[in-house]
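# Remarks on the overall topology
One-letter residues, chain by chain:
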Amino acid sequence: MQIDTPQVLLKNRHLGRPATIDEYRAGGGYEALAATVGKRTPAEVLQLVLEADLRGRGGAGFPAGKKWQGIPADYVGPRYVVVNTDEMEPGTFKDRILVNVDPHLVIEGIILCAYAVKASEGVCFIRPSYESDAVLLEEQSRVAREHGLLGKNILGTDFSFDIHVHRSAGRYICGEASAQIKAISGLRPNPRKGGPRTSVKGLWDCPTIVNNLETLANLPGIVRNGPEWFKSLARSATGSGTKLFSVSGRVARPGCYELPIGTPLREIIYTHAGGMPPGRVLKAVIPGGASTPFMPDKYLDLEMDFEPMKRAGQRFGTASIMVFDQNTCLVGATLNLMEFFTRESCGWCTPCREGLPYVRHLLRLIEGGQGREEHIAMIKDAAKAMRSAYCAFAPGAAEPLLSLFEYFEAEVREHLRQKRCPFGNPPPAARGKACGTRPPDFGPTPCPEDQCPI
Amino acid sequence: MPLPDDLVAQIQHRIDTAGHPREAAVDVMYALQRHYGYLCDEAMHYASRVLGMTTLELESLATFYDYLYRRPVGRYVIHVCDSVVCWMFHQDSIFDYLCRTLGVPPGGTTEDGLFTVLPAACIGNCHNAPTMLVNGRFYDRLTPERIDAALAELRQSTEEPVRCK
Ligand code: SF4
């Protein structure tokens, strides 16, 4: 398909192979770095990013420049940049695509961030199923080093910075910044509650900037072309830049699309992702990864941008769009999400550790035809209690759950009325999960469901 | 059995090049897992000694992470994605088909020691759903036929399996 929107992050997309350093340079790659090291001050780079209003692409949408400003100005000692490539949220695969399209864009972005925050070391945190990305980033970092773009005295200046890859052994909670820092430090990766922010006290107790990989890949463009250019890329009044939308589920052409921030959901799904497959009708969309709510089709004309989504009570998240059709049972889909969240919970705090197996159990009853009216209120209460958990994990899990009842309660009630799944799904088996029939030796903390009193 | 010299050297090199030895904990466990096939007690004790961490600290990692195994696994570990996108395509059938074909329960290993089937959180290949990951390699748009073909190919393979590094 012809894509006529500006391609900034994916402009070097070649079928089945990453762009080489020469290809990257031919399109202006590393010009931003050359125009920065030794020529601009770190404060000037920070100012550009603040003016460009670059917001984090990892889900929370926090302005990147503001995060960088969190480093105490008078701090003397090592500073780190941690590049979050954990990306284990269901529906999200944009960072994998980005690394495999243009590794040097990513590397240049990391170096520019390091320059702005005066970091000497960068850690790319990569999940195990992205092993090929880890290898690619290592190889291309070596190439960058050979070209004098990374390592000691970058481009002959006194700025030195290097990148290494940290391989994770795979748990979703490692995507949370403080948990990621613990994971790199060889500690059990539970999120840290309260206390100083990671920009003050992070890796090895030093100031650490944890940014999503896509966020940093925007830096070369911002530095080279300026904040106004970056803002002009967006289609919405409050947005800036483009965004990688990973589209999956029931669409004709699932994939990763780079489009201006603010592109309406309808256009993303029906124009770029090819619309619904024949015979399918759109029922619901999860707009930004598994921790965002199910949206009914009445929201399809919403601009995909942080602010308009927020105003409509929705969440932009990672902009990883999952499309559900009329034949998919949303109780079953929510149950699947709760299975995921239950298994991936770090188990540290009660609302999450206890709340998730509880709602999962009730959803299993409803999907299996044994649901009762009072279960609806019980689930809603539990979901609300999950909002007061230790980190954003359990509140994130509550989003699709609560939206199921907000927009699709009729479908839940149909399960109660028919005493079975109206879509014909078999009663859910507790297969392959952390509890039930699965041997407890694998995966996360065994769940004591066998003795569950519910 | 003492560990081969090159493995000892490789592990030591990883620890020496890490700013802090603890940062190498997962890498060291991966290296030992590749050698032993899983993290046996001997591996855990060795890792604890070279990393200067207690076995309890390492245990809290080995039992927490999905890609570290404290029990023997097959030559090929099949991580079947069961996140919501893959679910909406395979519902129960792909996972169950795999377990049925191999004659193992979820989490089980085939008698010939070749395959272990594990459910996995999203593996980041949602646009090619339903998918699975076998020793780090993606298998896309699964159907029973494609699963049969993949298993046959793996059975024939004489290649050293690429475990997650
Ligand atoms: S909310 Fe869940 S994942 Fe977060 S700290 Fe609590 S138990 Fe852990």
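Just so it is clear, the model here is predicted, and its values are computed rather than measured.

### Description of the overall build of chain A
Helices and strands together make up the secondary structure of chain A, namely 17 helices and nine strands. Here chain A has a C-alpha radius of gyration of 23 Å; the compact-globule value for 454 residues is 22 Å, and the two agree. Restricting the contact set of chain A to residue pairs at least 6 apart, pairs at least 24 apart contribute 71%. Counting every atom, chain A has about 16,100 Å² of accessible surface; 52% of that belongs to carbon and sulfur.

### Thoughts on the site of the ligand
Close contacts around the ligand come from 13 residues, with C346, W348, C349, C352 and C391 of chain A the closest. Counted by class, the shell around the ligand contains 11 nonpolar, two polar and no charged residues.

### A look at the packing of aromatic side chains
Within this structure, the stated rule accounts for 16 aromatic pairs over all chains. Judged by centre distance (5.8 Å) and plane angle (75°), the ring pair of F64 of chain B and Y65 of chain B falls under edge-to-face. Summarising the burial analysis for this pair, F64 of chain B and Y65 of chain B share the class buried. Grouped by ring-pair contacts, the aromatic residues Y172, F340, F341 and F393 of chain A constitute a single cluster. The residue whose ring lies beneath R250 of chain A is F89 of chain B, and the NZ or CZ to ring-centre distance is 4.4 Å.

### Some thoughts on the pattern of salt bridges
Residue and element names in this part refer to chain A. Under the criterion given, the structure shown has 31 salt bridges over all chains. R353 is the salt-bridge partner of E354, the closest N and O atoms lying 3.4 Å from each other. Relative accessible area serves as the criterion here: at 36%, R353 is assigned to the partly exposed category. Salt bridges linked by common partners bring K94, D95, E214 and K243 together as one network.

### A look at the sheet that holds strand 3 (residues 162-167) of chain A
All names here are of chain A. Pairing in this open sheet of four strands is parallel, and the strands run 3-2-1-4 from one edge to the other. The open sheet has two edge strands with one neighbour each: strand 3 and strand 4 (208-212). Here the strands of the sheet are splayed against their neighbours by 25° on average, with no regard to which way each runs. One ladder, built from six bridges, connects strand 2 (residues 121-126) with strand 3; its direction is parallel. Following the sheet pairing, F125 is matched in strand 3 by H166. Contacts from helix 7 (residues 131-146) reach strand 2 and strand 3 within the one sheet, and its direction differs from that of strand 3 by about 165°.

### Examining helix 8 (residues 177-184) of chain A
All names here are of chain A. Of all eight residues in helix 8, six are buried, a share of seventy percent or more. Listing the buried residues of helix 8 in full gives S178, A179, Q180, I181, A183 and I184. Buried residues in helix 8 make contact with strand 1 (80-85), strand 2, strand 3 and strand 4.

### Points about the confidence of the model for chain B
On average, residues of chain B score 90 in pLDDT, and 95% of them reach the 70 mark or higher. Mean pLDDT across the elements of chain B bottoms out in helix 6 (residues 93-102) of chain B (86) and peaks in helix 3 (residues 41-51) of chain B (96).

### Things to note about the packing of helix 5 (residues 94-101) of chain A against helix 6 (residues 103-117) of chain A
Residue and element names in this part refer to chain A. Packing of helix 5 against helix 6 brings their axes to within 5 Å, and their N-to-C directions diverge by 100°. One finds that helix 5 runs roughly perpendicular with respect to helix 6. Along the contact surface, helix 5 presents L98, V99 and V101, while helix 6 presents P103, L105 and V106. Classifying every residue of the contact of helix 5 with helix 6 by side-chain character gives six nonpolar, no polar and no charged.

### Quick word on the confidence of the model for chain A
Residue and element names in this part refer to chain A. Confidence in the prediction of chain A, expressed as mean pLDDT, is 90, and 94% of residues score 70 or more. By mean pLDDT, the top-scoring element of chain A is helix 6 (97), and the lowest-scoring one is helix 13 (residues 306-311) (91). Low confidence marks residues 431-454, where pLDDT is under 50. Its contacts with residues over four positions away, or in another chain, come to 59 contacts.

### A few points about unusual backbone geometry
With an omega of -10°, the peptide bond between A129 of chain B and P130 of chain B qualifies as cis. With respect to the helices and strands, the residue P130 of chain B is situated in the loop between strand 2 (115-120) and strand 3 (132-134). In this model, Y30 of chain A sits at a positive phi of 65°, which is unusual for a non-glycine residue. Position of Y30 of chain A among the secondary structure elements: in the loop between helix 1 (21-26) and helix 2 (31-34). Classification of Y30 of chain A as buried rests on a relative accessible area of 2%. Within the chain, D205 of chain A stands out as a residue other than glycine whose phi angle is a positive 65°. As for its placement among the helices and strands, D205 of chain A is situated in the loop between helix 8 and strand 4.

### Structural notes on the pairing of strand 5 (residues 242-249) of chain A
All names here are of chain A. Summarising burial for strand 5: eight of the eight residues are buried, a large majority. The pairing of strand 5 with strand 6 (residues 255-260) spans six bridges and is classified as antiparallel. Following the sheet pairing, V247 is matched in strand 6 by G255. Between strand 5 and strand 6, which pair antiparallel and follow one another directly, the connecting turn spans five residues.

### Concerning the nonpolar core
Residue and element names in this part refer to chain A. Core analysis: the largest hydrophobic core is formed by 167 residues, its most contacted members being W68, F161, F324 and F341. Aside from chain neighbours lying at most four places away, what touches F341 is Y172, A290, S291, L356, F393 and A397. One finds Y257, A273, A319 and I321 within the second-largest nonpolar core, a separate group that totals 25 residues.

### Overview of the side chain of R55 of chain A
Residues and elements named next belong to chain A. Tracing the backbone through its elements, the reader meets R55 in the loop between helix 3 (42-52) and helix 4 (64-69). Within polar-contact distance, the side chain of R55 engages the backbone oxygen of G61 at 2.8 Å. Apart from the residues lying within four places of it in its own chain, the contact partners of R55 are G61, F62, P63, A64, T215, F306 and E307.

### Topic: the sheet that holds strand 9 (residues 320-325) of chain A
Strands sit in the order 6-5-9-7-8 (chain A) across an open sheet of five strands; the sheet is mixed. The open sheet terminates on both sides in strands that have one partner only, identified here as strand 6 and strand 8 (295-296) of chain A.

### As for the side chain of N190 of chain A
All names here are of chain A. Here N190 shows up in the loop between helix 8 and strand 4. A distance of 2.6 Å separates polar atoms of two side chains, one belonging to N190 and the other to R188. Sequence-distant contacts of N190, that is, excluding residues within four places in its chain, are made with A179, K182, C346 and W348.

### Some details on the interface of chain B and chain A
Reports often express the size of an interface as the amount of accessible area lost when the parts come together. At the junction of the two partners, chain B supplies 47 residues and chain A supplies 61 residues. For the chain B and chain A pair, buried surface summed over both sides reaches about 4,600 Å², with 59% attributable to carbon and sulfur atoms. Summed over the shared surface of chain B and chain A, the result is one salt bridge. Across the salt bridge formed by R343 of chain A and D82 of chain B, the nearest N and O atoms sit 3.2 Å from each other. Counting the contacts that link chain B with chain A gives 17 residue pairs in polar contact (both at pLDDT 80 or more). Secondary-structure elements contributing two or more residues to the side of chain B that touches chain A are helix 2 (25-36), helix 4 (55-62), helix 5 (84-90), helix 6 and strand 2 of chain B. In terms of residue count, the dominant contributor to the side of chain B that touches chain A is helix 5 of chain B (five residues). Its residues assigned to classes, the side of chain B that touches chain A shows 28 nonpolar, nine polar and 10 charged.

Cut-offs used in this document
Residues numbered from 1 in each chain as written. Chains lettered and ligands numbered in written order. Predicted model: local features only at pLDDT ≥ 70, side-chain atom pairs only at ≥ 80, totals over all residues. Heavy atoms only, no water. Helix = DSSP H or I, 4+ residues; strand = E, 2+ residues; numbered from the N terminus. Rg over C-alpha atoms; globule rule 2.2 N^0.38 Å. Contact = heavy atoms within 4.5 Å. Areas by Shrake-Rupley, 256 points an atom, 1.4 Å probe, with all protein chains shown as cover. Near = heavy atom within 4 Å. Nonpolar A, V, L, I, M, F, W, Y, C, P; charged D, E, K, R; others polar. Phe/Tyr/Trp six-rings, centres within 6.5 Å; stacked < 30°, edge-to-face > 60°. Buried < 20%, exposed > 50% of the residue type's maximum accessible area, 1.4 Å probe, protein only. Lys NZ or Arg CZ within 6 Å of the ring centre and 35° of its normal. Salt bridge = Lys/Arg side-chain N within 4 Å of Asp/Glu carboxyl O. Pairing = 2+ DSSP bridges. Axes fitted to C-alpha atoms, helices over the stretch in contact; angles between N-to-C directions. pLDDT = per-residue confidence, 0-100. Parallel < 35°, antiparallel > 145°, perpendicular 65-115°, else oblique. Core = buried A, V, L, I, M, F, W, Y, C linked by side-chain atoms within 4.5 Å. Polar contact = N/O pair within 3.5 Å; in protein donor to acceptor, adjacent residues only side chain to side chain. Buried area = accessible area lost by both parts, 1.4 Å probe.

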